[in-house]
Amino acid sequence: MRRLGELPASQFTLPPGAMGPDPDRLQPLFGAGGDLLPLWVAEPYLPIAPPIVEALRDRAATPWYGYEQRSERLASAFWAWTEERHGWGGDGLVASVSPSVGTSIGALLELRTEPGDGVILQSPVFTDFKPLVVSAGRRVVKNPLVLDGDRYRMDLEGLEESVADASCRALILCNPHNPVGRSWTRDELRAVAEVCAANEVFVIADEIHADLTLPGHAFTPFAEVAPEGGWAALHGPIKTFGLAGVCDSLLVTSDSSVVDDYRAMSSRLHLTRNQVFSLAAFEAAYTRGGPWVDELLALVQRNHAALVRGLPVEIAVTPLEATYLGWLDLRGLGLEVPEIVDWLGTKARVAMSPGHWFGREGAGFARMTLAVPEDWIAEAIERISSAIA
Ligand SMILES: Cc1ncc(COP(=O)(O)O)c(C=O)c1O
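Residues numbered from 1 in each chain as written. Predicted model: local features only at pLDDT ≥ 70, side-chain atom pairs only at ≥ 80, totals over all residues.

### Describing the overall build of the chain
- In terms of helices and strands, the chain carries 12 helices and 15 strands.
- In terms of overall dimensions, the chain is globule-like: its C-alpha atoms have a radius of gyration of 21 Å, near the 21 Å expected for 389 residues.
- Counting only C-alpha atoms and orienting by the principal axes, one finds that the chain spans roughly 60 × 55 × 35 Å.
- Within the chain, buried positions represent 46% of all 389 residues.
- In the chain, once contacts between residues fewer than 6 apart in sequence are set aside, the share between residues at least 24 apart is 73%. (Helix = DSSP H or I, 4+ residues; strand = E, 2+ residues; numbered from the N terminus. Rg over C-alpha atoms; globule rule 2.2 N^0.38 Å. Buried ≥ 20, exposed ≤ 12 C-beta atoms within 10 Å, placed from the backbone. Contact = placed C-beta atoms within 7 Å.)

Written out as structure tokens, the structure is:
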């Protein structure tokens, strides 16, 4: 069996021997022997945009790594980017820096809910949300997505029922949605905003996948449908540009009380210390990363189309509107949840995230990262087809 670094070159190639992120975690998680195709972490398994690499090299070559002010240029670069990509210029909004999306969610739960309060999750949904809610001593209230044919939608009636409970104080919205790949429409988001505003439910809109909206679909910022207050949206370059190990993120809102409270907490806990490499990467990403992202999105579309064409009929591929995450319906294999994990690792030898990691509503599905060289997808199709045959 070829090692991944020996797969034929494609437009995006990895250095020889590269195994993608976290090779040491593959074995314990997926159990199988070596030679697993790693398609499970939500980040590009690709060399990142050359202008960012250049900016980091230049910064490293300046031998001074002390305190550095965050220039106004960074916020301007972010808003110029969102204006150009999404027609969203941020008028009337304030952006605060946060070390990570998870930090912002944790902080907002502390600031806008009380212990024991309910926090709504639309499962299957990103794995970190539940532990953030639980470790804050809040309750997870599920408002699962509904699968209509092969397309997911929000259960707005169920949402109304959930918010009718006065102890339900917040909703964590994933826009676009990891793992099911929906780019929520303006009407869907407006309905969520109205229901939550009417019931004083704070909306935490995790929009970290915004820039990964595929051609033919549009990203609608929650800000554009949100009421005056009672919400915050989370943004940043980490997913789009593969910078989770370097960059910080942004908390955006029109609600001055949220900004004031978040900044007070941030200074109380000393949450932000500028990191010189983060500053360099952030600016390079938003000012010079556009062409790379366009190529990435085209690659993701090709990889998704290849899966739809190439996988055996037992596996259905959910339509993809945004994110670089394929959501595969494995229920046609007729396997129980523990069998699916074993099947993926030992039979197909493809490390995908089993759907139940995202909540029990994801059972029978698996998430595959599509921001990978095209050869990897061809290899995944071959391995899965052989396992089924
Ligand atoms: C929807 C979503 N939010 C947040 C994150 C992680 O953000 P952070 O590492 O900044 O907490 C991810 C990572 O995959 C994600 O998919």
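### Here we look at the packing of helix α6 (residues 156-163) against helix α7 (residues 186-198)
- Two numbers describe how α6 lies on α7: the axes approach to 10 Å, and their chain directions differ by 15 degrees. Judged by the inter-axis angle, α6 sits roughly parallel to α7. Classified by chirality, the crossing of α7 by α6 is right-handed. Counting all contacts with α6, which are made through L156, L159, E160 and V163, the residues of α7 involved are A191, V192, V195 and C196.
- Residues that form the contact of α6 with α7 fall into these classes: 7 nonpolar, no polar and 1 charged. (Axes fitted to C-alpha atoms, helices over the stretch in contact; angles between N-to-C directions. Parallel < 35°, antiparallel > 145°, perpendicular 65-115°, else oblique. Left-handed = near helix turned anticlockwise from the far one by under 90°. Nonpolar A, V, L, I, M, F, W, Y, C, P; charged D, E, K, R; others polar.)

### With respect to the sheet that holds strand β4 (residues 139-142)
- Taking strand neighbours across the sheet as the criterion, the 7 strands line up as β2-β10-β9-β8-β7-β3-β4 in an open arrangement whose pairing is mixed. Both edges of this open sheet fall to β2 (94-98) and β4, since each of them pairs with a single strand only. On average, each strand axis in the sheet is tilted by 25 degrees relative to the strand beside it, whichever way the strands run.
- Summarising the sheet, strand β7 (residues 168-174) and strand β8 (residues 202-206) pair through 5 bridges and their orientation is parallel. (Pairing = 2+ DSSP bridges.)

### Concerning the sheet that holds strand β14 (residues 353-354)
- The antiparallel open sheet is built from 4 strands, whose spatial order is β11-β12-β15-β14. Edge positions in the sheet fall to β11 (316-317) and β14, since each has one partner strand and no second.
- When strand β12 (residues 325-329) meets strand β15 (residues 365-369), the two strands line up antiparallel, connected through 5 bridges. Note on β15: the bridge partner recorded for G326 is M368.

### Structural notes on the pairing of β12
- For β12, a buried count of 4 out of 5 residues is recorded, marking the element as mostly surrounded by other parts of the structure.
- Across 2 bridges, the pairing between β11 and β12 is antiparallel. Each bridged residue has a counterpart across the sheet, and for V317 the counterpart in β12 is L328.

### Here we look at the nonpolar core
- Formed by 112 residues in total, the largest nonpolar core has its most connected members in L39, V203, I204, F222 and A281.
- Looking at this core, the element that brings in the most residues is helix α9 (residues 276-288), giving 7 residues.
- When residues of this core are sorted by domain, at least three fall in each of domain 1 (4-49 + 290-388) and domain 2 (64-288).
- The residues contacting I204, other than those within four sequence positions of it, are I105, L108, A170, I172, L173 and A232. (Core = buried A, V, L, I, M, F, W, Y, C linked by C-beta atoms within 7 Å. Domains from an automatic or database assignment.)

### Observations regarding the site of the ligand
- With respect to spatial proximity, 13 residues lie near the ligand, and among them A42, S100, V101, G102 and F126 are the closest.
- In terms of residue class, the shell around the ligand is made up of 7 nonpolar, 5 polar and 1 charged. (Near = placed C-beta within 6 Å.)

### Let's talk about the domain arrangement of the chain
- Each domain of the chain was delimited in the assignment, giving domain 1 (4-49 + 290-388) and domain 2 (64-288).
- The centre of domain 1, based on its C-alpha atoms, is set 26 Å off from the matching centre of domain 2.
- In this complex, domain 1 contributes 27 residues to the contact, which on the side of domain 2 involves 29 residues.
- Elements that contribute at least two residues to the side of domain 1 that touches domain 2 include exactly α10 (290-310) and β12.
- Taken together, the residues that form the side of domain 1 that touches domain 2 break down as 17 nonpolar, 6 polar and 4 charged.

### Regarding the environment of G90
- Inspection of the secondary structure puts G90 in the loop between α3 (72-86) and β2.
- In this structure G90 comes out as partly exposed when scored by C-beta crowding, with 18 C-beta atoms within 10 Å.
- Setting aside residues no more than four positions away along its own chain, G90 makes contact with W79 and T82.

### What about unusual backbone geometry?
- Residues N175 and P176 are joined by a peptide bond in cis, for which omega reads -5 degrees.
- In this fold, P176 is placed in the loop between β7 and α7.
- P179 follows N178 through a cis peptide bond whose omega is 15 degrees.
- Note that P179 resides in the loop between β7 and α7.
- Even without being a glycine, E200 presents a positive backbone phi close to 55 degrees.
- As for its position among the elements, E200 is in the loop between α7 and β8.
- Judged by C-beta crowding, with 12 C-beta atoms within 10 Å, E200 ranks as exposed.
- Positive phi, close to 55 degrees, is recorded for R349, a residue that is not glycine.
- Mapped onto the fold, R349 is located in the loop between α11 (337-348) and β13 (350-351).
- Here R349 falls in the buried class, since 21 other C-beta atoms lie within 10 Å of it.

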